[in-house]
Amino acid sequence: MKVHELAALATTIIDREPGRGERALQPLPGLLLLRVGQPTPLVAALYEPVVCLILQGRKETMLGDQTVGFGPGESLVVSHDVPVVSRVTQASPASPYLALIFTLDLAVLRGLYEEVGEARVQGAEPRSLHVAQTDPRLLDSLARYLAVTSDPVEAKVMVPMLQREIHFRLLMAPHGAMLRKLLRHDSHASGIARAIARIRRDFKGSISVPELARETGMSPSSFHKHFKTITSTTPLQYQKELRLLEARRLLSTEGQSVSRVAFEVGYESPNQFSREYTRKFGGPPRRDMATPRAGA
(Lines give C-alpha, C1' and ligand atoms only; values in the text may rest on other atoms or scores of the structure.)
Protein backbone atom coordinates (compact mmCIF):
# COMPACT_ATOMS: atom_id res chain seq x y z
CA MET A 1 0.00 0.00 0.00
CA LYS A 2 1.19 3.51 -0.82
CA VAL A 3 1.43 6.23 1.80
CA HIS A 4 -1.37 8.30 0.25
CA GLU A 5 -3.64 5.24 0.25
CA LEU A 6 -2.92 4.63 3.93
CA ALA A 7 -3.61 8.33 4.59
CA ALA A 8 -6.99 8.00 2.87
CA LEU A 9 -7.84 4.92 4.96
CA ALA A 10 -6.86 6.70 8.19
CA THR A 11 -8.94 9.74 7.22
CA THR A 12 -11.97 7.55 6.53
CA ILE A 13 -11.68 5.94 9.97
CA ILE A 14 -11.30 9.30 11.72
CA ASP A 15 -14.28 10.74 9.85
CA ARG A 16 -16.56 7.92 10.97
CA GLU A 17 -17.11 10.02 14.10
CA PRO A 18 -18.13 13.45 12.76
CA GLY A 19 -17.95 16.62 14.78
CA ARG A 20 -14.29 17.65 14.98
CA GLY A 21 -11.76 18.47 12.31
CA GLU A 22 -8.84 17.84 14.63
CA ARG A 23 -8.73 14.77 16.80
CA ALA A 24 -6.84 11.90 18.32
CA LEU A 25 -8.57 8.57 17.81
CA GLN A 26 -7.64 5.13 19.15
CA PRO A 27 -9.40 2.61 16.88
CA LEU A 28 -7.43 -0.43 18.10
CA PRO A 29 -5.28 -1.37 21.12
CA GLY A 30 -1.90 0.32 20.86
CA LEU A 31 -2.88 2.37 17.80
CA LEU A 32 -3.46 6.13 17.71
CA LEU A 33 -4.48 8.24 14.73
CA LEU A 34 -3.66 11.92 15.07
CA ARG A 35 -4.90 14.76 12.85
CA VAL A 36 -3.92 18.41 13.32
CA GLY A 37 -5.04 21.24 11.06
CA GLN A 38 -2.29 23.79 11.71
CA PRO A 39 1.34 24.03 12.87
CA THR A 40 1.75 23.79 16.63
CA PRO A 41 4.10 25.45 19.14
CA LEU A 42 6.86 23.46 20.80
CA VAL A 43 5.43 21.07 23.37
CA ALA A 44 7.42 19.19 26.03
CA ALA A 45 6.38 15.57 26.52
CA LEU A 46 7.60 12.15 27.52
CA TYR A 47 7.67 9.81 24.54
CA GLU A 48 7.14 6.15 25.35
CA PRO A 49 8.33 3.38 22.98
CA VAL A 50 6.39 3.85 19.74
CA VAL A 51 6.71 4.04 16.00
CA CYS A 52 5.23 7.24 14.57
CA LEU A 53 4.50 7.11 10.84
CA ILE A 54 3.65 10.40 9.18
CA LEU A 55 1.04 10.09 6.45
CA GLN A 56 0.68 13.81 5.72
CA GLY A 57 2.40 17.01 6.89
CA ARG A 58 5.67 17.30 8.80
CA LYS A 59 6.88 17.17 12.39
CA GLU A 60 10.05 18.08 14.28
CA THR A 61 11.18 16.34 17.47
CA MET A 62 14.12 17.26 19.71
CA LEU A 63 15.91 15.08 22.25
CA GLY A 64 18.81 16.90 23.90
CA ASP A 65 20.94 18.28 21.07
CA GLN A 66 19.44 15.84 18.53
CA THR A 67 16.77 17.25 16.22
CA VAL A 68 14.88 15.08 13.74
CA GLY A 69 12.40 16.31 11.17
CA PHE A 70 10.27 13.88 9.22
CA GLY A 71 7.43 13.86 6.71
CA PRO A 72 5.15 11.62 4.64
CA GLY A 73 6.36 8.03 4.39
CA GLU A 74 8.99 8.47 7.10
CA SER A 75 8.67 6.92 10.54
CA LEU A 76 10.21 7.71 13.89
CA VAL A 77 11.14 4.76 16.12
CA VAL A 78 11.34 5.57 19.85
CA SER A 79 12.93 2.73 21.84
CA HIS A 80 12.85 4.13 25.40
CA ASP A 81 10.81 6.54 27.52
CA VAL A 82 12.55 9.83 26.69
CA PRO A 83 11.77 13.51 27.41
CA VAL A 84 11.39 15.41 24.15
CA VAL A 85 10.19 18.70 22.72
CA SER A 86 8.21 18.47 19.49
CA ARG A 87 6.00 20.42 17.14
CA VAL A 88 3.99 19.99 13.97
CA THR A 89 5.73 22.14 11.35
CA GLN A 90 3.53 21.61 8.30
CA ALA A 91 -0.26 21.37 8.42
CA SER A 92 -3.33 23.23 7.17
CA PRO A 93 -7.11 22.73 7.22
CA ALA A 94 -6.99 21.62 3.57
CA SER A 95 -3.97 19.34 4.11
CA PRO A 96 -3.76 18.47 7.81
CA TYR A 97 -0.93 16.75 9.61
CA LEU A 98 -1.87 13.08 9.82
CA ALA A 99 0.09 10.48 11.74
CA LEU A 100 -0.27 6.84 12.76
CA ILE A 101 1.29 6.01 16.14
CA PHE A 102 1.81 2.38 17.13
CA THR A 103 2.80 1.52 20.71
CA LEU A 104 5.68 -0.92 21.13
CA ASP A 105 5.50 -3.81 23.59
CA LEU A 106 8.84 -5.00 24.97
CA ALA A 107 7.35 -8.40 25.82
CA VAL A 108 6.31 -8.91 22.20
CA LEU A 109 9.75 -7.81 21.01
CA ARG A 110 11.52 -10.24 23.31
CA GLY A 111 9.10 -12.98 22.29
CA LEU A 112 10.67 -12.78 18.84
CA TYR A 113 14.20 -13.44 20.12
CA GLU A 114 14.26 -17.12 19.17
CA GLU A 115 13.32 -16.29 15.58
CA VAL A 116 15.46 -13.17 15.24
CA GLY A 117 18.40 -14.20 17.43
CA GLU A 118 21.50 -12.16 16.78
CA ALA A 119 20.30 -10.86 13.42
CA ARG A 120 21.97 -7.66 12.32
CA VAL A 121 20.77 -5.19 9.73
CA GLN A 122 23.03 -2.61 8.14
CA GLY A 123 22.31 0.90 9.34
CA ALA A 124 23.37 3.73 11.58
CA GLU A 125 24.51 3.32 15.18
CA PRO A 126 21.65 2.53 17.58
CA ARG A 127 19.75 5.57 18.82
CA SER A 128 16.68 5.88 21.03
CA LEU A 129 15.16 8.33 18.52
CA HIS A 130 15.68 7.36 14.89
CA VAL A 131 13.94 8.37 11.64
CA ALA A 132 14.03 6.55 8.32
CA GLN A 133 11.97 5.97 5.21
CA THR A 134 9.40 3.31 6.06
CA ASP A 135 9.92 -0.08 4.46
CA PRO A 136 7.02 -1.06 2.14
CA ARG A 137 6.54 -4.29 4.10
CA LEU A 138 6.09 -2.35 7.33
CA LEU A 139 3.66 0.00 5.58
CA ASP A 140 1.67 -3.01 4.42
CA SER A 141 1.59 -4.49 7.95
CA LEU A 142 0.36 -1.22 9.43
CA ALA A 143 -2.24 -0.86 6.68
CA ARG A 144 -3.64 -4.34 7.36
CA TYR A 145 -3.70 -3.58 11.09
CA LEU A 146 -5.66 -0.39 10.44
CA ALA A 147 -8.02 -2.14 8.01
CA VAL A 148 -9.36 -4.63 10.59
CA THR A 149 -11.05 -1.80 12.51
CA SER A 150 -14.09 -2.26 10.27
CA ASP A 151 -14.79 -5.81 11.48
CA PRO A 152 -14.81 -6.55 15.25
CA VAL A 153 -14.60 -10.32 14.72
CA GLU A 154 -11.66 -10.00 12.32
CA ALA A 155 -9.98 -7.57 14.72
CA LYS A 156 -10.34 -10.01 17.63
CA VAL A 157 -8.61 -12.77 15.66
CA MET A 158 -6.07 -10.79 13.67
CA VAL A 159 -4.85 -8.07 16.07
CA PRO A 160 -2.41 -10.27 18.06
CA MET A 161 -0.88 -11.73 14.88
CA LEU A 162 -0.60 -8.35 13.17
CA GLN A 163 0.94 -6.76 16.27
CA ARG A 164 3.61 -9.46 16.28
CA GLU A 165 4.27 -8.95 12.57
CA ILE A 166 4.62 -5.18 13.00
CA HIS A 167 7.13 -5.68 15.83
CA PHE A 168 9.09 -8.08 13.63
CA ARG A 169 9.15 -5.61 10.72
CA LEU A 170 10.44 -2.91 13.07
CA LEU A 171 13.17 -5.20 14.41
CA MET A 172 14.35 -5.80 10.87
CA ALA A 173 14.16 -2.15 9.81
CA PRO A 174 17.35 -0.06 9.56
CA HIS A 175 16.04 2.30 12.26
CA GLY A 176 15.18 -0.62 14.54
CA ALA A 177 18.79 -1.09 15.70
CA MET A 178 18.10 -0.02 19.29
CA LEU A 179 15.07 -2.32 19.41
CA ARG A 180 17.34 -5.22 18.50
CA LYS A 181 19.55 -4.28 21.45
CA LEU A 182 16.49 -4.61 23.68
CA LEU A 183 16.05 -8.27 22.68
CA ARG A 184 18.80 -9.20 25.12
CA HIS A 185 17.86 -8.79 28.77
CA ASP A 186 21.54 -8.32 29.69
CA SER A 187 22.22 -5.55 27.15
CA HIS A 188 22.98 -1.97 28.19
CA ALA A 189 19.81 -0.86 26.36
CA SER A 190 17.71 -3.24 28.47
CA GLY A 191 19.48 -2.16 31.66
CA ILE A 192 18.72 1.49 31.00
CA ALA A 193 15.10 0.61 30.19
CA ARG A 194 14.82 -1.03 33.63
CA ALA A 195 16.41 1.99 35.30
CA ILE A 196 13.99 4.31 33.50
CA ALA A 197 11.06 2.19 34.67
CA ARG A 198 12.34 2.42 38.24
CA ILE A 199 12.71 6.21 38.04
CA ARG A 200 9.23 6.54 36.57
CA ARG A 201 7.75 4.52 39.42
CA ASP A 202 9.59 6.46 42.14
CA PHE A 203 10.07 9.91 40.58
CA LYS A 204 8.39 11.72 43.48
CA GLY A 205 10.93 10.42 46.00
CA SER A 206 14.71 10.46 46.18
CA ILE A 207 16.67 8.18 43.87
CA SER A 208 20.13 6.70 44.35
CA VAL A 209 22.18 6.64 41.16
CA PRO A 210 24.71 4.12 42.56
CA GLU A 211 21.81 1.84 43.48
CA LEU A 212 20.36 2.14 39.97
CA ALA A 213 23.78 1.29 38.54
CA ARG A 214 24.02 -1.83 40.71
CA GLU A 215 20.53 -2.94 39.69
CA THR A 216 21.51 -2.72 36.02
CA GLY A 217 24.81 -4.50 36.55
CA MET A 218 26.92 -1.50 35.54
CA SER A 219 29.51 0.62 37.27
CA PRO A 220 28.31 4.17 38.11
CA SER A 221 30.47 5.66 35.33
CA SER A 222 29.22 3.15 32.74
CA PHE A 223 25.64 3.65 33.88
CA HIS A 224 25.92 7.44 33.51
CA LYS A 225 27.45 7.06 30.07
CA HIS A 226 24.78 4.72 28.71
CA PHE A 227 21.93 6.60 30.39
CA LYS A 228 23.10 9.85 28.78
CA THR A 229 23.54 8.17 25.39
CA ILE A 230 19.97 6.88 25.39
CA THR A 231 18.08 9.73 27.09
CA SER A 232 20.37 12.72 26.36
CA THR A 233 20.18 13.59 30.05
CA THR A 234 21.31 12.38 33.48
CA PRO A 235 19.21 10.24 35.86
CA LEU A 236 18.59 13.19 38.19
CA GLN A 237 17.71 15.52 35.31
CA TYR A 238 15.43 12.82 33.95
CA GLN A 239 13.65 12.65 37.31
CA LYS A 240 13.24 16.44 37.23
CA GLU A 241 11.70 16.21 33.75
CA LEU A 242 9.15 13.69 35.04
CA ARG A 243 8.28 15.87 38.01
CA LEU A 244 7.75 18.96 35.88
CA LEU A 245 5.68 17.16 33.25
CA GLU A 246 3.47 15.64 35.94
CA ALA A 247 3.17 19.06 37.61
CA ARG A 248 1.97 20.60 34.37
CA ARG A 249 -0.61 17.84 33.99
CA LEU A 250 -1.89 18.39 37.51
CA LEU A 251 -2.08 22.15 37.08
CA SER A 252 -3.89 21.99 33.74
CA THR A 253 -6.34 19.18 34.54
CA GLU A 254 -7.02 19.39 38.26
CA GLY A 255 -6.53 23.07 39.04
CA GLN A 256 -4.54 22.43 42.22
CA SER A 257 -2.59 25.28 43.80
CA VAL A 258 1.03 25.80 42.81
CA SER A 259 2.29 24.98 46.29
CA ARG A 260 0.24 21.80 46.52
CA VAL A 261 1.43 20.61 43.12
CA ALA A 262 5.04 21.34 44.04
CA PHE A 263 4.83 19.11 47.11
CA GLU A 264 2.76 16.51 45.25
CA VAL A 265 5.47 15.89 42.63
CA GLY A 266 8.32 15.76 45.16
CA TYR A 267 9.64 19.31 45.53
CA GLU A 268 10.46 20.55 49.04
CA SER A 269 10.45 24.21 48.00
CA PRO A 270 7.60 25.79 45.99
CA ASN A 271 9.95 28.64 45.04
CA GLN A 272 12.48 26.24 43.54
CA PHE A 273 9.64 24.46 41.77
CA SER A 274 8.38 27.71 40.26
CA ARG A 275 11.88 28.66 39.05
CA GLU A 276 12.48 25.29 37.39
CA TYR A 277 8.96 25.16 35.96
CA THR A 278 9.38 28.60 34.40
CA ARG A 279 12.75 27.62 32.96
CA LYS A 280 11.26 24.46 31.46
CA PHE A 281 7.98 25.77 30.06
CA GLY A 282 8.73 29.44 29.47
CA GLY A 283 6.19 30.72 31.95
CA PRO A 284 5.22 30.44 35.64
CA PRO A 285 3.09 27.54 36.93
CA ARG A 286 0.14 29.88 37.56
CA ARG A 287 -0.17 30.44 33.81
CA ASP A 288 -1.06 26.78 33.23
CA MET A 289 -3.60 26.43 36.02
CA ALA A 290 -7.01 25.24 34.83
CA THR A 291 -8.72 27.14 37.65
CA PRO A 292 -6.40 29.74 39.22
CA ARG A 293 -6.80 30.09 42.96
CA ALA A 294 -5.94 33.07 45.07
CA GLY A 295 -2.92 32.63 47.30
CA ALA A 296 -1.47 29.77 45.28
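This text goes with the structure placed above it.
This report concerns the structure included in the present document. (Residues numbered from 1 in each chain as written. Predicted model: local features only at pLDDT ≥ 70, side-chain atom pairs only at ≥ 80, totals over all residues. Heavy atoms only, no water.)

### A short note on the sheet that holds strand β3 (residues 43–47)
Within a sheet, adjacent strands bond to each other through the backbone by hydrogen bonds, running parallel or antiparallel.
At step 1: Within the open sheet, the four strands sit side by side as β3-β8-β5-β6. Their pairing is antiparallel. Only two strands of the sheet have a single neighbouring strand rather than two, namely β3 and β6 (66–70). The mean angle between the axes of side-by-side strands here comes to 30°, regardless of whether they run parallel or antiparallel.
At step 2: In this structure, β3 lies alongside strand β8 (residues 82–90), joined through five bridges in antiparallel fashion. By the bridge assignment, V43 is partnered in β8 with S86. (Pairing = 2+ DSSP bridges. Helix = DSSP H or I, 4+ residues; strand = E, 2+ residues; numbered from the N terminus. Axes fitted to C-alpha atoms, helices over the stretch in contact; angles between N-to-C directions.)

### Things to note about the pattern of salt bridges
At step 1: Here the structure, examined in full by the defined rule, presents 17 salt bridges.
At step 2: Each member of the salt-bridge network shares a partner with another, and the members are R198, D202, E211 and E215. (Salt bridge = Lys/Arg side-chain N within 4 Å of Asp/Glu carboxyl O.)

### Digging into the sheet that holds strand β10 (residues 129–133)
At step 1: Read from one edge of the open sheet, six strands run β1-β2-β9-β4-β7-β10, paired in antiparallel fashion. The open sheet terminates on both sides in strands that have one partner only, identified here as β1 (23–28) and β10. Sheet twist, expressed as the mean angle between neighbouring strand axes with direction ignored, is 20°.
At step 2: Direction of pairing for β1 relative to strand β2 (residues 31–36): antiparallel, over a ladder of four bridges. Each bridged residue has a counterpart across the sheet, and for L28 the counterpart in β2 is L31.
At step 3: Its contacts with the sheet place helix α1 (residues 3–14) against β1, β2, β4 (50–56) and β9 (97–103), and it is angled at close to 95° to β4. (Contact = heavy atoms within 4.5 Å.)

### What about the packing of aromatic side chains?
At step 1: According to the stated counting rule, one finds six aromatic pairs in the structure shown.
At step 2: Members of the aromatic cluster, joined through ring pairs, are Y267, F273, Y277 and F281.
At step 3: Between the NZ or CZ atom of R243 and the centre of the ring of Y267, over which it lies, the distance is 5.8 Å. (Phe/Tyr/Trp six-rings, centres within 6.5 Å; stacked < 30°, edge-to-face > 60°. Lys NZ or Arg CZ within 6 Å of the ring centre and 35° of its normal.)

### What to know about unusual backbone geometry
Glycine aside, a negative phi is what most residues show, and trans is what most peptide bonds show.
At step 1: Its identity as a non-glycine residue notwithstanding, S232 has a phi of 65°, on the positive side.
At step 2: Note that S232 resides in the loop between α9 (220–231) and α10 (235–254).
At step 3: Relative accessible area serves as the criterion here: at 24%, S232 is assigned to the partly exposed category. (Buried < 20%, exposed > 50% of the residue type's maximum accessible area, 1.4 Å probe, protein only.)

### Thoughts on the pairing of β2
A regular strand places its side chains on the two faces of the sheet in alternate fashion.
At step 1: If you look at the hairpin formed by β1 and β2, you'll find two residues sitting between the two strands, and G30 has a positive phi there, around 75°.
At step 2: Pairing of β2 with β9, which is carried by six bridges, proceeds in the antiparallel orientation. Residue V36 lies in a different strand from β9, and its bridge partner there is Y97.

### Re the nonpolar core
At step 1: Ranked by size, the top nonpolar core spans 54 residues in total, and within it L55 and F223 carry the most contacts.
At step 2: Setting aside its immediate chain neighbours within four residues, F223 contacts I192, A195, V209, L212, A213, T216, M218 and P235.
At step 3: In this structure, V36, C52, A91 and I101 belong to the second largest nonpolar core, which totals 19 residues. (Core = buried A, V, L, I, M, F, W, Y, C linked by side-chain atoms within 4.5 Å.)

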